Every structure is written in C-alpha cells, then in structure tokens.
Amino acid sequence: MGFKVTPWEVEGEVDYDKLIKEFGTSPLTDDILERVKKITGELHPFLRRKIFFSHRDFDWILDMYEKGVPFAIYTGRGPSGHTHLGHMMPWIFCQYLQERFDVNMYFQITDDEKFMHRRELTLEKTRHYGYDNALDFVALGFDPEKTFIFSDIDYAKTLYGIAVKIAKNVTFSTVKAVFGFTNSTNIGMIFFPAIQGVPCFLPSELEKRKAPVLIPAAIDQDPYWRVTRDVAEKLGYYKPAAIHNIFFPSLEGPSGKMSASVGQSAIFTVDTPEKVRKKVMNAFTGGRETVEEQKKLGGNPQVCTVFQYFYFLFEPDDAKLEERKAACKSGELLCGYCKKELADRLVIYVREHQEKREKAKKVLDQFLLKD
Ligand code: TRP
C-alpha cells in the first residue's frame, strides 16, 4: 500500500524504513543510544522504544557535546488549533534533553505559516492559538532561564534578517522539488521555508558563538532541514542536526498522523474528562467481533490504538507493557477493561497537565522573545 508524508499531510500506512531511505536520513542505531545512555543515565522510553527512530548528524551533536561544545535544541508548532498529545511528543522529548544535557531551547510558533496555508484561518486566530499552544509547551517543565519562545509575527524583525540570507540561496525549483509547490501555491508559502530555517541559525546569533543545533520533530518536518542544511555552511553556520519521531497514532485507526482538525481522532490538552473517556471508548482496537471470539482467539495489539497509547506514553515500564500485550493476545484481557484502564490514566494525565497549563499563564512572559 502506498503512503505520502509531507509537512502538511500524511496519508496511508507509513513504512518508516522506506521513509529513511527516501528522505536520506539515518536510522538511530544502538551504538548511538549507548552513547546517550552514558551521558544521561537512563534512556528515555522514546529512545528505548525507537519512537525516535531516525536522525541527521545526532552522532556529531554528541561528539561536540563531549568536546565541551553544547548544542541548542530547536522545535516548533504550527498553531492551527488546540494542542493534542501527538504535538507534545517531540516537546516531551525536548524537555528530557534540556534537563539531561542542560542546554538552551528555542521554540518557534509559525503563526504566519498556518495563516498562509489554511484558507479558513485568520491571522488573529493563528496568533491566538500560538500563545495558547505555547502554554502546553511551558507546562512540560522547561527552564525559564534557558528556554526561548517566539511567534514569527512578533519576532519578525529579528527573524527576517536571517530569513533573507537563507532565501537568497534557495531556488524555486528546489522548493518545488522538496515541498511539491506548484504555480498555484501562494508566494508566502514559497518563501516560508526560509522562515522555518531561521531558528537553526538563531542560537549562533543570540549566543554569539557558532552553535550546533539539534531539532527533535516528527519526520514530516524533515524536508525543511534538508533545504536549510544545504545553505548552512555557505552562511557560516553549522548544518542543523535532527532527530525524528514516528507519528502518534490516531484513535480512529492505524493509518497516518493524528489530525488537529478531526476532533475524535486525538486527545486534546483542553479536553474534559468526559470527552477523554468517550474518545477512548470509541477508539479503534485490535479486538474481535464478540467477547466469545476474543476469549478464544485473543486480540491483536499490533493494530490496536489503545495498546499504542500505552506504548507511546502511558506504560513506561517495559515489563508491564509486555504483560499487557500477552494478556491481550491470550484473550484474557478484554477491550472494554483495557480501554477503561487507559481512560483512567489519560484523565489523570490531562487533569495534571491542565493544572500546569494554568500556572504557565503566569510565567509565559518570562519565556517570550519579541522585537
Ligand atoms: N511547521 C511546523 C508545523 O506545522 C511548525 C514548526 C516550526 C516546527 N519550526 C519547527 C516543527 C521545528 C518542528 C520543528 O507544525
């Protein structure tokens, strides 16, 4: 079956090994994971479980770090709506990296991109969502001394000076080939890859040193780094390094990335407990038609979104995850019960997150860069 991955749409069942080849990235090897473990102590479950599975030059980032040259972390958010758990995967990972490596973190809000890309969105809306989404980011526990958040619109003066240097070195035929732009693409979007490239170089400007930059992000954002890497050295910067995660599962089935526009397929950070429970109870599972059949034949955790939720975020203990899998396959653990367990955990998680999110409102200003 075919699949398609671009920064704006993901379709079909993604074959990640094939994607590594198509994009020209490298698999995250056990060697690299060993090196990370030496520095950080315990490995994050996202690394242990290969949820972060691919990279560009992450080994070089570690080389530099070991030589005493700290890297900066860069990630971002296109604010087209509320934040869901899929958006937070790279952010959770960034927080772990910041804590373990004690490094600076830069977070770009592309309110310009989402406005230009989505016909129905006004600039007021994307800017509003931008700061709303930033609360979810701050709620994850970043260090206010070392974390810098900016909206493209509100920090445009600083960003623009670097963007034009990138833009001058990228042709229309390159972005057409990389992003699939056509003659009917608006010219804002054609320029936009230059803007998303800027934070790869911003740490060098702000920190007044040639700074290595590591970008944790879902693999669909990789085309931007390909373009930015091509111009980096010409402009006197290091090529940005990247580490890529696979897509968080949609509650509606095992194909593709979760969409912020489809309310039922994702858990949003602003969802009420009732909403969370309802979505989990309606989730696509690997269960059989009837309870009798399931008791006899067992379920299929491989295709089950409920199991995937445990795997991604809600069962960090490997042994317990294996127990759950075995119990499902043997027919002993039925979907209704398993869903209820997940819903209970999710409700607690979302409630705790919302409390932190409330607190983030008071401190958000400390994190913001503005012109
Ligand atoms: N384009 C991204 C989106 O639509 C937002 C973004 C900007 C981003 N800079 C980034 C994502 C860096 C990951 C890493 O969501």
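Nothing here was measured: the structure is a model prediction, and the numbers come from that model. (Residues numbered from 1 in each chain as written. Predicted model: local features only at pLDDT ≥ 70, side-chain atom pairs only at ≥ 80, totals over all residues. Heavy atoms only, no water.)

Q: Account for the packing of helix H5 (residues 85-101) against helix H15 (residues 305-314), with residues named and values stated.
A: It is at 12 Å that the axes of H5 and H15 come closest, and there the two elements cross at 30°. In this view, H5 runs roughly parallel relative to H15, as classed from their interaxial angle. For the pair H5 and H15, the contacting residues are Leu85, Met89 and Ile92 in the first and Tyr309, Phe312, Leu313 and Phe314 in the second. The class makeup of the residues in the contact of H5 with H15 is 7 nonpolar, no polar and no charged. (Axes fitted to C-alpha atoms, helices over the stretch in contact; angles between N-to-C directions. Helix = DSSP H or I, 4+ residues; strand = E, 2+ residues; numbered from the N terminus. Parallel < 35°, antiparallel > 145°, perpendicular 65-115°, else oblique. Contact = heavy atoms within 4.5 Å. Nonpolar A, V, L, I, M, F, W, Y, C, P; charged D, E, K, R; others polar.)

Q: For the sheet that holds strand S5 (residues 72-77), give the residues involved together with the corresponding values.
A: Across the sheet, 7 strands lie side by side as S3-S4-S9-S8-S5-S6-S7; this open sheet has mixed pairing. At either end of the open sheet lies a strand with only one pairing partner, and these are strand S3 (26-27) and strand S7 (147-151). Where S5 lies against strand S6 (residues 105-109), 5 bridges are found, and the strand directions are parallel. Its bridge partner being in S6, Thr75 is matched across the sheet by Phe107. (Pairing = 2+ DSSP bridges.)

Q: Now, about unusual backbone geometry: what can you tell me, with residues and values included?
A: The backbone phi angle of Asp57 is positive, close to 60°, even though this residue is not glycine. On the basis of relative accessible area, Asp57 is assigned to the partly exposed category, the value being 27%. You will see that Asp102, though not glycine, has its phi angle at about 55°, which is positive. By the element assignment, Asp102 lies in the loop between H5 and S6. (Buried < 20%, exposed > 50% of the residue type's maximum accessible area, 1.4 Å probe, protein only.)

Q: Give me empty space enclosed by the protein: which residues, what numbers.
A: For the coordinates displayed, the defined rule picks out 1 cavity of 30 Å³ or more. For the largest cavity, the calculated volume is near 110 Å³. Lining the largest cavity we find 15 residues, and of these Cys304, Cys328, Leu333, Cys335 and Cys338 sit closest to its centre. For the lining of the largest cavity, the secondary-structure elements that each account for two or more residues are H15, helix H16 (318-329) and helix H17 (335-367). The residue makeup of the lining of the largest cavity, split by class, is 9 nonpolar, 4 polar and 2 charged. (1 Å grid on protein atoms, 1.4 Å probe; cavity = no way out; pocket = protein on both sides within 12 Å on 5 of 7 lines; lining within 4 Å. Points joined across faces, edges and corners; volume = space filled by probe spheres on them.)

Q: Outline the pattern of salt bridges, listing residues and values.
A: This model, assessed by the stated rule, comprises 23 salt bridges. Between Glu120 and Arg118 there is a salt bridge whose closest N-O contact spans 3.3 Å. With relative accessibility at 53%, the residue Glu120 sits in the exposed group. Measuring nitrogen to oxygen at the nearest pair gives 2.8 Å for the salt bridge that ties Asp136 to Arg357. (Salt bridge = Lys/Arg side-chain N within 4 Å of Asp/Glu carboxyl O.)

Q: Which residues make up the nonpolar core, and what values go with them?
A: Counting residues in hydrophobic clusters, the biggest one holds 79 residues, and the most contacted among them are Leu47 and Ile149. No other element matches H5, which puts 10 residues into this core. When residues no more than four places from it in sequence are discounted, the contact partners of Ile149 are Phe107, Ile109, Ala134, Phe137, Val138, Leu364, Phe367, Leu368 and Leu369. (Core = buried A, V, L, I, M, F, W, Y, C linked by side-chain atoms within 4.5 Å.)

Q: I'd like a rundown of helix H12 (residues 222-232), residues and numbers included.
A: For H12, the tally of buried residues reaches 9 of 11 residues, placing the bulk of the element in the interior. What H12 keeps buried is the set Asp222, Pro223, Tyr224, Trp225, Val227, Thr228, Arg229, Val231 and Ala232.

Q: An account of the state of the cysteines is needed here, citing residue identities and associated values.
A: Counted according to the given criterion, the structure contains 0 disulfides. There is no disulfide at Cys328, and the cysteine sulfur nearest it, in Cys304, is 6.3 Å away. (Disulfide = S-S within 2.5 Å.)

Q: Requested: an account of the environment of Thr171, with residues and values cited.
A: Here Thr171 is to be found in the loop between helix H8 (156-167) and helix H9 (172-179). Residues Thr171 and Ile190, 19 residues apart in the sequence, show an inter-C-alpha distance of 9.8 Å. Only 3.0 Å separates the side chain of Thr171 from the side chain of Thr174, close enough to count as a polar contact. (Polar contact = N/O pair within 3.5 Å; in protein donor to acceptor, adjacent residues only side chain to side chain.)

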